[in-house]
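What the coordinates show
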Amino acid sequence: MSVHRVAPPAITDAVVETIGNTPIVRLVTAGSRAQVELLAKLEHTNPSGSIKDRVAQKILTQLKAANKIKDSTVLVVPSSGNLAISLALLAPRHGHYKVIGLVPERTSEDRIQLLKSLGVEIVRTPIEAHADSAESQFSIAKKIATDLPDSILIDEFVDRANVEVHVEETAQEIFIQCEGRLDTLVVGVETGGTITGLAKALKSKIPGLKVVGVEPEHSSIQDGVNRSGAWKVEDIGGNFRPAILDKSLVDQWVQVSDQDSYSTARQLIREEGVFCGPSSGSVVAAALRYSESLTKDPKPRILTILNDTARNYSSTLLSDDWLLEHDMMDETMARSAAYHRH
Ligand code: PMP
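Cut-offs used in this document
- Residues numbered from 1 in each chain as written.
- Predicted model: local features only at pLDDT ≥ 70, side-chain atom pairs only at ≥ 80, totals over all residues.
- Buried ≥ 20, exposed ≤ 12 C-beta atoms within 10 Å, placed from the backbone.
- Helix = DSSP H or I, 4+ residues; strand = E, 2+ residues; numbered from the N terminus.
- Pairing = 2+ DSSP bridges.
- Near = placed C-beta within 6 Å.
- Nonpolar A, V, L, I, M, F, W, Y, C, P; charged D, E, K, R; others polar.
- Axes fitted to C-alpha atoms, helices over the stretch in contact; angles between N-to-C directions.
- Expected span 1.5 Å × (residues − 1).
- Parallel < 35°, antiparallel > 145°, perpendicular 65-115°, else oblique.
- Left-handed = near helix turned anticlockwise from the far one by under 90°.
- Contact = placed C-beta atoms within 7 Å.
- Core = buried A, V, L, I, M, F, W, Y, C linked by C-beta atoms within 7 Å.

1. A few points about the pairing of strand β3 (residues 74-78)
Most of β3 sits out of view: five of its five residues are buried. The alternating pattern of β3 places Val-74, Val-76 and Pro-78 on one face and Leu-75 and Val-77 on the opposite face, and all of these are buried. Sheet topology places β3 next to strand β6 (residues 151-153); three bridges connect them, and they run parallel. Counted as the bridge partner of Val-76 is Leu-153 from β6. Alignment of β3 against strand β4 (residues 99-104), held across four bridges, turns out to be parallel. Bridge pairing in β4 places Leu-75 opposite Val-99.

2. Observations regarding the environment of Ala-65
Mapped onto the fold, Ala-65 is located in helix α2 (residues 52-65). The sequence separation of Ala-65 and Ala-243 amounts to 178 residues, and the corresponding C-alpha distance is 24 Å.

3. With respect to the site of the ligand
The ligand sits among 17 residues. The nearest are Asn-82, Thr-191, Thr-194, Asp-235 and Asn-307. Broken down by class, the residue content of the shell around the ligand amounts to two nonpolar, 11 polar and four charged.

4. Some details on the sheet that holds strand β8 (residues 210-216)
With mixed pairing, the six strands of this open sheet are ordered in space as β1-β2-β10-β7-β8-β9. Strands at the two margins of the open sheet, each flanked by one partner only, are β1 (24-26) and β9 (252-256). Within the sheet, the average angular offset between the axes of one strand and its neighbour, ignoring direction, is 25°. By the bridge criterion, three bridges tie strand β7 (residues 184-188) to strand β10 (residues 301-306) in an arrangement that is parallel. Within β10, the residue paired with Leu-185 across the bridge is Leu-303.

5. A look at helix α8 (residues 258-272)
Under the 1.5 Å per step criterion, the end-to-end length of α8 is 20 Å for 15 residues, consistent within 8% with the ideal 21 Å. Those residues of α8 that sit buried are Asp-258, Asp-260, Ser-261, Tyr-262, Ser-263, Thr-264, Ala-265, Arg-266, Gln-267 and Leu-268. Directly beyond the C-terminal end of α8, a positive phi value near 70° is found at Gly-273.

6. Topic: the packing of α2 against helix α6 (residues 161-177)
In contact at an axis separation of 9 Å, α2 and α6 are set at 110° when each is read in the N-to-C sense. In terms of orientation, α2 lies roughly perpendicular with respect to α6. Seen along the crossing, α2 lies across α6 with a hand that is right-handed. Residues Arg-54, Val-55, Lys-58, Ile-59 and Gln-62 of α2 pack against Ala-161, Asn-162, Glu-164, Val-165, Glu-169 and Thr-170 of α6. Along the lines of polarity and charge, the residues of the contact of α2 with α6 split into four nonpolar, three polar and four charged.

7. A look at the nonpolar core
It is characteristic of soluble globular proteins that their nonpolar side chains tend to be buried jointly. The biggest cluster of nonpolar side chains holds 53 residues, and the ones touching the most others in it are Val-186, Val-187, Val-214, Val-283, Ala-286 and Ala-287. Top contributing element to this core by residue count: helix α9 (residues 278-291), with seven residues. Counting residues in hydrophobic clusters, the runner-up holds 29 residues, among them Val-77, Ile-85, Val-103 and Val-120.

8. Looking at unusual backbone geometry
Backbone geometry follows two general trends: most residues other than glycine have a negative phi, and most peptide bonds adopt the trans configuration. For the peptide bond that leads from Asp-297 to Pro-298, omega is 0°, which places it in the cis range. Relative to the helices and strands, Pro-298 resides in the loop between α9 and β10. Phi at Asn-21 is positive, roughly 50°, even though this residue is not glycine. Within the secondary structure, Asn-21 sits in the segment before β1.

9. Some words on the sheet that holds β6
Strand pairs in the sheet, formed through backbone hydrogen bonds, run parallel or antiparallel to each other. With parallel pairing, the four strands of this open sheet are ordered in space as β5-β4-β3-β6. The outermost strands of the open sheet, each flanked by one partner alone, are β5 (121-125) and β6. The sheet shows a mean angle of 20° between the axes of neighbouring strands, taken without regard to direction.

Don't take any of this as a statement about function, it's just geometry.
Structure follows, in structure tokens:
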């Protein structure tokens, strides 16, 4: 039996108690190629496989404390999927059962099945619908929450809990794990909760820390320029500026293509054994691109936040056929896929 360096966690009464305290690992292969110390905080080790467990836990605790929800209240959630999964996992532990998830069409079938297995009622919404239009996930969610008695809209794009949890918990973990030594933080952005919370807390403690925001190509969070909105990577990017995002805390933005995101995620799985999803691929690809502009002596220390698990994407990220069909393979993948076909 291997010897544990730290005591394993004690037995708990519920999965909610196992949220957070996620590990940070060094991405040795990618880091040595880029001549930087590249670190990754593995949020896929949370119970439902994403960082949103933290947010769901905070939202439910605050709503309960403020007596805003009863055991019968239906939670209406416009989310790209992960928050709905986390809420569905945790709601029964808080006495609530029903979750309605408003999910954009780009969401993978795996995630839909996962949501269904947790008892979530799914409403699909068009990708291209602008946030203000009647068909957007927000407008539909608002209408459901208004029409349905005893229901509440959970809007992670405006809920301050989505920032506070990262100020109070995730950032404190990072500060301890990195012993206060960090040059750059690289974070994927959709609601802006993670980047705003982490940047706010860590910049106040680590002078000179640079924060890099990551969105897909064709997304318009950084500059508000109206683009086509067509990208495949789930969970990052958007066609409006979220209310909780504090752009003044972001020093630089990097846009990453789908191809680069998927191939980097597959590289992380293959070379580092890090079982992360496509948005993590975007974040690491952005960190590698950003690191090209840095002086390498002393070696810069860059932390990436890897937000969810590859297991949500067996029909996309993990499928060679899907990658081939959508022209997302890099040379190594194409060679290996060809080998397995023969
Ligand atoms: N990656 C994944 C996998 C996510 O679920 C999310 C949240 N939608 C993000 C990145 C972006 O994080 P945030 O919403 O805090 O900006």
